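Structural characterization, general
As a plain string of letters, each chain reads:
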Amino acid sequence: SRELAPLEALTGRRVAVFWAGDAAAFAASVEVFDPRTGRHALRYEDGDVGWVALGAGMMAWCLLEGAPERAPQPVRTVAVP
């Protein structure tokens, strides 16, 4: 079996991403990683999806290991160019 790269290995995991403009963290599931762009598709709890470059070092994020299926956090779509 092929060993996954660290960024690709996030697919299927839950993360919290801190958005400085909102001064808040938002929980999401990592749906897919696009190695061409280096971005992950994050599905937020309201079903919205945003593409985010988790590996770029431009934002704070962490894994939500053992987190409840639905974390009590606000959710909104974030458009990333």
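All values reported here derive from a predicted model rather than from experimental measurement. (Residues numbered from 1 in each chain as written. Predicted model: local features only at pLDDT ≥ 70, side-chain atom pairs only at ≥ 80, totals over all residues. Heavy atoms only, no water.)

Below, the discussion takes up the overall build of the protein chain. A count of helices and strands for the protein chain gives 0 helices and 5 strands. Split into buried and exposed, the 81 residues of the protein chain put 30% on the buried side. Put simply, of all contacts in the protein chain between residues at least 6 apart along the chain, 49% involve residues at least 24 apart. Of the accessible surface of the protein chain, which amounts to about 5,000 Å², a share of 57% is contributed by carbon and sulfur atoms. (Helix = DSSP H or I, 4+ residues; strand = E, 2+ residues; numbered from the N terminus. Buried < 20%, exposed > 50% of the residue type's maximum accessible area, 1.4 Å probe, protein only. Contact = heavy atoms within 4.5 Å. Areas by Shrake-Rupley, 256 points an atom, 1.4 Å probe, with all protein chains shown as cover.)

Among the structural elements, D34 can be located in strand 2 (residues 24-34). Note on D34: relative accessible area 16%, which makes it buried. In this structure D34 touches R39 and W51, once residues within four positions along its chain are discounted.

Turning our attention to the pattern of salt bridges. Tallying each qualifying case throughout the model produces 3 salt bridges. The shortest N-O distance in the salt bridge between E31 and R43 comes to 3.7 Å. In this pair, E31 sits in strand 2 while R43 sits in strand 3 (residues 39-44), placing the two residues 12 residues apart along the sequence. For R36, the salt bridge is made with D34, and the minimal N-O distance between the two is 3.3 Å. For R36, a relative accessible area of 73% corresponds to the exposed category. (Salt bridge = Lys/Arg side-chain N within 4 Å of Asp/Glu carboxyl O.)

On to unusual backbone geometry. Look at A23: it is not a glycine, yet its phi comes out positive at around 50°. Mapped onto the elements, A23 comes out in the loop between strand 1 (14-19) and strand 2. Residue classification places A23 among the exposed residues on the basis of a relative accessible area of 60%.

Further remarks concern the nonpolar core. The tendency in soluble globular proteins is for nonpolar side chains to be buried side by side. Core analysis: the biggest nonpolar cluster contains 12 residues, these being L10, V15, V17, W19, A24, F26, A28, V30, L42, Y44, V52 and L54. Here the element with the most residues in this core is strand 2; it accounts for 4 residues. Sequence-distant contacts of L54, defined by excluding residues within four places in its chain, comprise L10, V17, V30, G38, H40, L42, M59 and W61. (Core = buried A, V, L, I, M, F, W, Y, C linked by side-chain atoms within 4.5 Å.)

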